[in-house]
Amino acid sequence: MTRTPDQGASGDGTADPARPETSVDRRAPAQDPSRDLTGGRVRPARRNPGADPDREQSRSAGSSLRFGYGTNGLADLRLDDALALLADLGYDGVGLTLDHMHLDPLAPDLAARTRRVAHRLDALGLGVTVETGARYVLDPRRKHGPSLLDADPDDRARRAGLLVQAVRVAADLGAHAVHCFSGVVPDGTDEDTAWKRLAETLTPVLDAATAAGIPLAVEPEPGHLLATLADFHHLRRTLGDPEPLGLTLDIGHCQCLEPLPPADCVRDAAPWLRHVQIEDMRRGVHEHLPFGDGEIDFPPVLAALAATGYQGLTVVELPRHSHAGPHFAARSLPFLHRAAAASAAPHGDPSATPEGSRTP
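All values derive from a computational prediction rather than experimental measurement.

## Quick word on the overall build of the chain
Summing up its helical and strand segments, the chain has 10 helices and 10 strands in all. Residues counted as buried form 56% of the 360 residues belonging to the chain. A separation of at least 24 residues holds for 78% of the contacts in the chain among residues at least 6 apart in sequence. Surface exposure of the chain reaches about 14400 Å², of which carbon and sulfur atoms provide 51%.

## Concerning unusual backbone geometry
With an omega of -15°, the peptide bond running from Gly145 to Pro146 counts as cis. Tracing the backbone shows Pro146 in the loop between strand S3 (127–131) and helix H4 (153–173). Positive phi is not limited to glycine here, since Leu103 has a value of about 50°. If you trace the backbone, Leu103 turns up in the loop between strand S2 (93–97) and helix H3 (110–124). The backbone of His144 sits at a positive phi, close to 60°, despite the residue not being glycine. Looking at where His144 falls in the secondary structure, it is placed in the loop between S3 and H4. Residue His144 is classed as buried on the basis of its relative accessible area of 8%.

## A few points about the packing of helix H5 (residues 191–212) against helix H6 (residues 229–238)
It is at 10 Å that the axes of H5 and H6 come closest, and there the two elements cross at 60°. Judged by the angle between their axes, H5 and H6 are oblique. Handedness of the H5/H6 crossing: right-handed. Together, Trp195, Leu198, Ala199 and Leu202 of H5 and Asp231, His234, Leu235 and Thr238 of H6 make up the contact between the two elements. Its residues assigned to classes, the contact of H5 with H6 shows five nonpolar, two polar and one charged.

## Examining the environment of Val301
Mapped onto the fold, Val301 is located in helix H9 (residues 298–307). With 34 residues separating them in the primary sequence, Val301 and Arg267 have C-alpha atoms 9.2 Å apart. Not counting chain neighbours up to four residues away, the residues in contact with Val301 comprise Ile251, Pro262, Ala263, Val266 and Ile296.

## Considering the packing of helix H2 (residues 79–89) against H3
Helix-helix packing is characterised by the crossing angle of the two axes and by the distance between the axes. Direction vectors running N to C along H2 and H3 enclose 20°, while the axes themselves pass 10 Å from each other. Our classification of the angle between H2 and H3 gives roughly parallel. Between H2 and H3 the crossing geometry is right-handed. Here Leu79, Asp80, Leu83, Ala84 and Ala87 of H2 come into contact with H3, specifically with Val117, Arg120, Leu121 and Leu124. In the contact of H2 with H3, the residues fall into seven nonpolar, no polar and two charged.

## Re the environment of Asp80
Note that Asp80 resides in helix H2. Taking the C-alpha atoms as reference points, Asp80 and Val117, 37 residues apart in sequence, are found 8.2 Å from one another.

## Here's the deal with the pattern of salt bridges
A complete count under the given rule lists eight salt bridges for this structure. A salt bridge links Asp241 to Arg236, with the shortest nitrogen-to-oxygen separation between them at 3.3 Å. Residue classification places Asp241 among the partly exposed positions, given a relative accessible area of 41%. We classify Arg236 as buried; its relative accessible area is 11%. Where salt bridges share partners, they join Asp139, Arg142, Asp150 and Asp155 into one cluster.

## Considerations on the packing of aromatic side chains
Scanning all chains against the criterion turns up four aromatic pairs. Relative to Phe335, the ring of Phe298 lies with its centre 5.6 Å away and its plane at 90°, an arrangement referred to as edge-to-face. Of the two residues, Phe298 is situated in helix H9 and Phe335 in helix H10 (residues 325–344); the sequence distance between them amounts to 37 residues. Judged by its relative accessible area of 4%, Phe335 is buried. Feature note: the residues Phe291, Phe298 and Phe335 constitute an aromatic cluster, connected by ring pairs.

## Details of the state of the cysteines
For the structure on display, the rule yields zero disulfides. Cys265 provides the cysteine sulfur closest to Cys254, a residue in no disulfide bond, and the two sulfurs are 3.9 Å apart. The buried category is assigned to Cys265, whose relative accessible area is 2%.

Criteria and thresholds
- Residues numbered from 1 in each chain as written.
- Predicted model: local features only at pLDDT ≥ 70, side-chain atom pairs only at ≥ 80, totals over all residues.
- Heavy atoms only, no water.
- Helix = DSSP H or I, 4+ residues; strand = E, 2+ residues; numbered from the N terminus.
- Buried < 20%, exposed > 50% of the residue type's maximum accessible area, 1.4 Å probe, protein only.
- Contact = heavy atoms within 4.5 Å.
- Areas by Shrake-Rupley, 256 points an atom, 1.4 Å probe, with all protein chains shown as cover.
- Axes fitted to C-alpha atoms, helices over the stretch in contact; angles between N-to-C directions.
- Parallel < 35°, antiparallel > 145°, perpendicular 65-115°, else oblique.
- Left-handed = near helix turned anticlockwise from the far one by under 90°.
- Nonpolar A, V, L, I, M, F, W, Y, C, P; charged D, E, K, R; others polar.
- Salt bridge = Lys/Arg side-chain N within 4 Å of Asp/Glu carboxyl O.
- Phe/Tyr/Trp six-rings, centres within 6.5 Å; stacked < 30°, edge-to-face > 60°.
- Disulfide = S-S within 2.5 Å.

None of the figures reported here should be taken as evidence of function without further support.
Here is the structure:
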């Protein structure tokens, strides 16, 4: 299989499995949701979705999709500011990447910090999916290292430990799923060995996901061992189709690498969908682009996604645009609402077609 360069993968971060953080005790005294994550008084959320004509058009057209934005695209903002921004803009949720600047999974007092974030999400009315794509959270010198495929079993265990920690955090946040990916095949490692390592290293993570009742959503990532939907099914069969194993489908990756159009990928992936990421992209180039800058025709994709009955978040994934994150967050949601409305509009209705869409 030809694998494209790993240009845009998000990354991971793992807690040391030998010293796991204590999971949040749901019986602990509730924190005051009117306090922000640093202990200061928060301003009330200014969400007023009914005032958003694009959202209203989308809802009136029958779209049930729920849109979020990834914090890896808001890395220059404090987490509390990022969450408030997304609530103010009218997003339904957030893809929360565990990283050194956003709910650091390796820093002290993770349980208490997670509890505060949970109350903040509740106060703002935001759903959440936990993502594990931080680039350097485990190793400041190796992007996404160590991975689930490394030759050193202790390194693989560190990655698995991070994912187990992410499952605990997700359970305490009430998240829809935990996202992860395989990693790049190390130099000198044949693919059969890499697949065996992946299956073995994911087993304790899947055990933790089963115990927590949280789906583990593996993402096909261009350039990684598990790069395509076919690769996902290979892993699923290898592991015996475990119940908590699901799929993160990145719509841009479908455009980049899959043989079928993105809308067909959505339909084929429907039974295993647990998390969806979305951005624009061009064929054969793994570069996450703002909507309208790539080649994807979004109304058919969103129509296919709505038809699956998918209930999780569809999260905008623009990690390389974090320098202008608030701008792209504000721009992305109206585009998606217009595309969702166009997906349900009578064919040929130009008023429902979002700018940048490939729909005639």
